[in-house]
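As a plain string of letters, each chain reads:
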Amino acid sequence: MAAVRETVETVGEVEKYKYGFSTDIESEKAPLGLTEDTVRFISAKKNEPAWLLEWRLAAFRRWLTMTEPTWAKVTYPPIDFQDAYYYSAPKQQAKLDSLDQVDPKLLETYEKLGIPLTEQKMLAGVAVDAVFDSVSVVTTFKEKLAEAGVIFCPMSEAVAKHPELVKKYLGSVVPTSDNFYATLNSAVFSEGSFVYIPEGVRCPMELSTYFRINEKQTGQFERTLIIAEKGSCVSYLEGCTAPQRDENQLHAAVVELVALDDAEIKYSTVQNWFPGDEEGKGGVYNFVTKRGDCRGANSKISWTQVETGSAITWKYPSCILRGDNSRGEFYSIAISNGHQQVDSGTKMIHLGRNTTSRIISKGISAGKSSNTYRGLVSVHRKAENVRNFTQCDSLLIGSKCSAHTVPYVETKNPTAVLEHEATTSKISDDQLFYCMQRGIGEEEAVALIVNGFCRDVLQQLPMEFAVEAQKLVGISLEGSVG
Amino acid sequence: MLEIRNLHVTVDGKEILKGIDLDVAAGEVHAIMGPNGSGKSTLSYVLAGREGYEVTEGSILFNGQDLREMGVDERAAAGIFLAFQYPLEIPGVTTMTFLKTALNAQRKARGEEELDAVRFLKLVREKAKPLNVNDEMLKRALNVGYSGGEKKRAEVLQMSLLEPSLAVLDETDSGLDIDALKTVAEGVNAMRSPERSMIVITHYQRLLDYIVPDVVHVLSGGRIVKTGGKELALELEKSGYAAYGADAA
Ligand SMILES: Nc1ncnc2c1ncn2[C@@H]1O[C@H](COP(=O)(O)OP(=O)(O)OP(=O)(O)O)[C@@H](O)[C@H]1O
Ligand SMILES: [Mg+2]
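Quantities reported herein were computed from a predicted structural model and do not represent experimental measurements. (Residues numbered from 1 in each chain as written. Chains lettered and ligands numbered in written order. Predicted model: local features only at pLDDT ≥ 70, side-chain atom pairs only at ≥ 80, totals over all residues. Heavy atoms only, no water.)

Caption draft 1: Up close: the nonpolar core. Membership of the largest hydrophobic core comes to 107 residues, with the highest contact counts inside it found for A:Ile364, A:Val450, A:Leu477, B:Ile4, B:Leu7 and B:Ile199. If near-sequence neighbours (up to four positions away) are discounted, B:Leu7 is found in contact with B:Leu17, B:Lys18, B:Gly19, B:Ile20, B:Leu43, B:Val46, B:Val55, B:Glu57, B:Gly58 and B:Ile60. Of all hydrophobic cores here, the second largest spans 32 residues; its members include A:Phe81, A:Tyr181, A:Val188 and A:Trp314. (Core = buried A, V, L, I, M, F, W, Y, C linked by side-chain atoms within 4.5 Å. Buried < 20%, exposed > 50% of the residue type's maximum accessible area, 1.4 Å probe, protein only. Contact = heavy atoms within 4.5 Å.)

Caption draft 2: Region of the structure containing the interface of chain A and chain B. Contact with chain A, which involves 18 residues of that partner, is made by 32 residues of chain B. Here chain A meets chain B over a buried area of about 2000 Å², counting both sides, of which 67% is carbon and sulfur. Looking at the side of chain A facing chain B, the largest losses of area belong to A:Phe433, A:Tyr434 and A:Arg438, adding up to 38% of the total buried there. Linking chain A to chain B there are 2 salt bridges. The closest approach of N and O atoms between B:Arg50 and A:Asp430, which form a salt bridge, is 2.3 Å. Along the contact surface separating chain A from chain B lie 11 residue pairs in polar contact (both at pLDDT 80 or more). When residues of the side of chain A that touches chain B are traced back to their parent elements, those giving at least two are helix 11 (429–437) and helix 12 (442–453) of chain A. Among the elements that take part in the side of chain A that touches chain B, helix 11 of chain A stands out by supplying 7 residues, more than any other. Each residue belonging to the side of chain A that touches chain B can be placed in one class, and the counts come to 8 nonpolar, 5 polar and 5 charged. (Buried area = accessible area lost by both parts, 1.4 Å probe. Salt bridge = Lys/Arg side-chain N within 4 Å of Asp/Glu carboxyl O. Polar contact = N/O pair within 3.5 Å; in protein donor to acceptor, adjacent residues only side chain to side chain. Helix = DSSP H or I, 4+ residues; strand = E, 2+ residues; numbered from the N terminus. Nonpolar A, V, L, I, M, F, W, Y, C, P; charged D, E, K, R; others polar.)

Caption draft 3: Region of interest: the pattern of salt bridges. All told, the structure shown has 27 salt bridges over all chains when counted by the stated rule. With a shortest N-O distance of 2.7 Å, A:Glu48 and A:Arg56 are connected by a salt bridge. The buried category is assigned to A:Glu48, whose relative accessible area is 14%. A:Arg56 gets classed as buried once you look at its relative accessible area, which sits at 0%. For B:Arg5, the salt bridge is made with B:Asp23, and the minimal N-O distance between the two is 3.1 Å. Here B:Arg5 is found in strand 1 (residues 2–11), whereas its partner B:Asp23 is found in strand 2 (residues 14–24), with 18 residues between them in sequence. Among the ionic contacts, a cluster of salt bridges with common partners joins A:Glu264, A:Lys300, A:Arg327 and A:Glu329.

Caption draft 4: Representation of the sheet that holds strand 6 (residues 80–83) of chain B in the model. Residue and element names in this part refer to chain B. The 6 strands lie next to each other as 6-7-8-3-9-10, forming an open sheet whose pairing is mixed. Looking at strand neighbours, the two that pair on one side only are strand 6 and strand 10 (223–228), the edges of this open sheet. Going from strand to strand, the sheet's axes swing by 20° on average, the running direction of each strand aside. Bridge analysis of strand 3 (residues 29–33) against strand 8 (residues 197–201) gives 4 bridges, and the strand direction is parallel. Bridge pairing in strand 8 links Val29 to Met198. Sitting on the sheet, helix 9 (residues 231–239) touches strand 3, strand 9 (215–220) and strand 10, and the angle it makes with strand 9 is about 40°. (Pairing = 2+ DSSP bridges. Axes fitted to C-alpha atoms, helices over the stretch in contact; angles between N-to-C directions.)

Caption draft 5: Highlighting the site of ligand 1. All names here are of chain B. Taken together, 15 residues sit near ligand 1, with Gly37, Lys40, Ser41, Thr42 and His203 positioned nearest. A distance of 2.8 Å separates an oxygen atom of ligand 1 from a polar side-chain atom of Ser41. In isolation ligand 1 has 640 Å² of accessible area, and contact with the protein removes 69% of it. For the shell around ligand 1, the secondary-structure elements that each account for two or more residues are strand 2 and helix 1 (40–48). Of the residues forming the shell around ligand 1, the biggest block, 3 residues, is contributed by helix 1. Split by residue class, the shell around ligand 1 holds 3 nonpolar, 8 polar and 4 charged. (Near = heavy atom within 4 Å. Areas by Shrake-Rupley, 256 points an atom, 1.4 Å probe, with all protein chains shown as cover.)

So, in structure tokens, the structure goes:
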């Protein structure tokens, strides 16, 4: 993966691995390439129990037999998986003394997003002054969560402290053999979160709040697992509206959600990774597998995503509606500009009776980008009285971009009622003229119209992020008109 | 306020305005009447700076400034407002949000302080009340599903909020029922002031009973063929445009 190497080199952190695995477990980085030794190295680094190593190795062996999926509407040069690094210890960001030392471009974006000054500092890695003691805030959060019995910790900590839970649920939604990237992730995952909400507990805070304060570097192969016990409820937000740069070009995360009887999980994502430069060079390849299992009756899983970053997005947050009366939701805004390619959507797999699902997808393409909605609604034989509503709207800005809608429907039960609506529109010159006649500048007018177009989805976001997300929509489309 | 000299305008290669002269002084209300297709809306678009409306000859000065050098939003911030004959729908954007964005964009462009949500809400309610625009309507997406009359009232609300120095009202009376016509006319009249000028485009003398113009022009075939006082409108109502050699297209 030449591009990966290039990016890594530019960051100036390539130092060829000098020793074999067995001789230097203290190394911060796994050797180049991917072998069983790499997997063992990672597992050893994490002090993992034998069963997890075996689990990883089984995935790795499986992966060797698999080929990359090619059905998505994205194009990129072949990835050489042996020319990449699969583990490096999370780097401590160098602490800066003041915002003056931060890239002004980045600050400009923070400003536009309306991120408060203290948070700007934390995001940019500036030592935070005494007025706002992030450590104590985090501690308060931790105490509050512990009081409620909520477990919220890095995956590696969960493996050590709650092995029975991890063992029970890891891979139970996305099996190690699921797909090329998920299998790869199973072999080499290293970061990610673990959330466990005990029976009957409503998580006392949006887990987003915590994240925002405690922003950490994202990993290349994250693995997240959220378990909501009977009658519990949690809202989780991943990512950040602030732009994120990452030297790793390939990202292949796996997120698994399990909702038991009457439980509810709301998972929101704001993804704003580096999309590549004006010529389309660089940028993150985001090949993610996200799936929620409504395992219990009356459970509900809701995915909300705002995808504005990455050069390539390949992502289908899905729901398996196993429990009777369970409900799956997918709300998506996918914005592509420049040379970005997005192939995203959802799968709603109706297995249980009276299961319902709702899909609202808003694709906005500008520049020379390509934006595809790909969705599956599947109704199994025994699933009586299924309801699905799907709405896919595409908005085109300019004439060099493209939008595609690829809905798949499989119904094996005649009682299902499935509705599908799709529209494609353009921002008309008349609308722009009208807005501008009222004194609204062109870019702001585009942002306003696009935000209107996305309104149904923006409303699903946790309150504190909705405003930022709206601004993000505008920022992602800068330079797309005129 | 506004000085138009020998204005020629071409749209899609076709000359629509063929030498217009028009002076509107501060505080004056001018009515423009004329047959369908004579170029009334075209004139309003040119003033607003719409793309594709090419000035091939002549000049437009607004408070001494050459309008041609200004962008659409700059003209708006400078005080030019156009109430559209066919207001556009902006799905998903509430009227409230739209109004706030517009007002604050103009204030910002003029170097004034932006209004916060509370002050804005107070102001907009104050302006909306006399026009019978209620909160429910303000919370709906702008012009989406509005009736013809509601759209026109929303246009006048925008004018009243943005307080332009030159307002061009393009058939703001069409589609209004009798009560709404009065409401709108009252709203417009309330805005008349020695500093504000208006150009009222209409087909109906009836509106001019409410909004009494200082000057009436007849636009026909891309030219102003007659100018007179408010009695000219009455005359037109009786005899039509035939007397002015009107060729409708
Ligand atoms: N894009 C265009 N290409 C060619 N002709 C155009 C274009 N736009 C407008 N016209 C023509 O310009 C002429 C003037 O149109 P305009 O809309 O200004 O008329 P109007 O006086 O406002 O009419 P009405 O009373 O019906 O509103 C019409 O003949 C119209 O067909
Ligand atoms: Mg007209």
